[in-house]
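Each chain is listed here by its residues.
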Amino acid sequence: MPSLKIHFGRIRSWLSLAFVFGMIMSEAFAQKEERKIALISTSLGDIHILLHDQTPKHQASFIQLATAGYWDSLTFNRVIPNFVAQAGCPDTEEGFNDPEYLLAPEFHPDLKHGYGALGAGRDDNPDKLSARCQFYIVQNKDGLARLDGDYTVFGQVIRGMDVVDQIVAVQRDSLNQPLTPISMKVSIQ
């Protein structure tokens, strides 16, 4: 009988370990579910972006527009090597003056304009309101610190910067618009 007792002890130990492992894994999956990942699919490849929780209004707006398919008929309309790939609504009165499409800035000291940062476009309005229909991805490998505190950063590319590098390298006109439109489909994963 002693061997049977040891056997049950081992089973109990394995069950305890399995329970602890299960708890850890379920917590990891729960944390993963909380992360908001955007996918921008283009003809040049996919860009995966982690949306930051520190900018809840910009995050919610981006998710709302992506879910509605807002950007699916639009393009990367301004591409400048060593600067940004900008997409969404063109620089129009509607994009920058329609209150429905403006957001108060959400500057956060931990969110900087580093390589791959996702930022909200805006015009020169004194309140630094974001045009929620327009976004850009920083393509400068050294970042763009001069934009910190003036434009809201609300995401970070986690995969696909090679695609962004290709986007800014396409032939473009004098207004930095690609000669061949780069369409996109934006979804939330």
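Coordinates for the structure precede this section.
Residues take numbers from 1 onward in each chain, read along the sequence in its written order. pLDDT decides what is reported in this predicted model: residues at 70 or higher carry local features, side-chain atom pairs at 80 or more are listed and counted, and totals for whole chains, interfaces and linings draw on all residues regardless. Excluding hydrogens and water, the side-chain values take into account all heavy atoms of the structure.

Q: I'd like to hear about helix 2 (residues 56–67), residue by residue, with values.
A: Look at helix 2: 16 Å from first C-alpha to last across 12 residues, which is about the 16 Å you get at 1.5 Å a residue. For the exposure calls, accessible area comes from a 1.4 Å probe over protein chains only, and a residue counts as buried if that area is under 20% of its type's maximum, exposed if over 50%, partly exposed in between. Think of it this way: any DSSP run of H or I at least four residues long counts as a helix, any run of E at least two long counts as a strand, and we number them from the N terminus. All buried positions along helix 2 are accounted for by His58, Gln59, Ser61, Phe62, Leu65 and Ala66. Down the axis, helix 2 shows its buried residues gathered within 165° of arc, on one side only. Of the residues in helix 2, the exposed ones pointing more than 90 degrees away from the buried face are Lys57 and Thr67. Under the convention used throughout, the expected extent of a helix is 1.5 Å for every residue step, that is, one less than its residue count. Comment: arc refers to directions from the helix axis out to C-beta atoms.

Q: Run through the state of the cysteines, naming residues and quoting values.
A: Throughout, a disulfide means two cysteine sulfur atoms within 2.5 Å of one another. Applying the stated criterion to the full structure yields 1 disulfide. A disulfide bridge connects Cys89 with Cys133, and the sulfur atoms are separated by 2.3 Å. Between Cys89 and Cys133, the S-S torsion sits near 45°, and that sign places the bridge as right-handed. You can see Cys89 sitting in the loop between strand 4 (84–88) and helix 3 (93–97) and its partner Cys133 sitting in the loop between strand 7 (130–131) and strand 8 (134–138), a full 44 residues away along the chain. A relative accessible area of 5% means that Cys89 is categorised as buried.

Q: Tell me about the side chain of Gln134, residues and numbers included.
A: Here Gln134 lies in strand 8. Only 2.8 Å separates the side chain of Gln134 from the side chain of Gln86, close enough to count as a polar contact. Pairs of N or O atoms are called polar contacts if they sit within 3.5 Å, as long as, within protein, a hydrogen donor faces a hydrogen acceptor (for residues adjacent in sequence, only side-chain-to-side-chain pairs).

Q: Describe the sheet that holds strand 1 (residues 36–42), and please don't skip the residues or the numbers.
A: Taken in spatial order, the 8 strands make up an open sheet running 3-4-8-6-9-2-1-10, and their pairing is antiparallel. Strand pairing shows two members of the sheet lacking a second neighbour, strand 3 (75–80) and strand 10 (184–188), which therefore form its edges. For this sheet the average axis-to-axis angle between neighbouring strands, irrespective of direction, equals 25°. Those strands touched by helix 2 are strand 1, strand 2 (45–51), strand 6 (117–120), strand 8, strand 9 (153–159) and strand 10, and its axis lies near 120° from that of strand 10. At least two DSSP bridges between two strands are required for those strands to pair. Here, axes are lines fitted to C-alpha atoms. For helices the fit covers the stretch in contact, and angles between N-to-C directions go from 0 to 180 degrees. For this analysis, residues touch if any pair of their heavy atoms sits within 4.5 Å.

Q: Could you give an account of the pattern of salt bridges, with specific residues and numbers?
A: The salt bridge criterion pairs a side-chain nitrogen of Lys or Arg with a carboxyl oxygen of Asp or Glu, the two atoms within 4 Å. Under the definition given, this model contains 3 salt bridges. Close ionic contact of Lys128 with Asp150 constitutes a salt bridge, the shortest N to O distance being 2.6 Å. A residue pair is termed long-range when its members are at least 10 positions apart, and Lys128 in the loop between strand 6 and strand 7 and Asp150 in the loop between strand 8 and strand 9 qualify at 22 residues. Given the relative accessible area of 26%, Lys128 is considered partly exposed. Overall, Asp150 belongs to the partly exposed group, its relative accessible area being 26%. The partner of Lys141 in a salt bridge is Asp165, with the nearest N and O atoms 3.7 Å apart.

Q: I'd love a proper account of helix 4 (residues 161–168), names of residues and values included.
A: When helix 4 is considered as a whole, its buried residues turn out to be Met161, Val163, Val164, Ile167 and Val168. For helix 4, the arc enclosing every buried residue in end-on projection is 150°, short of the 170-degree limit, so these residues lie on one face. Looking at the buried residues of helix 4, the elements they touch are strand 1, strand 2, strand 3, strand 4, strand 8 and strand 9.

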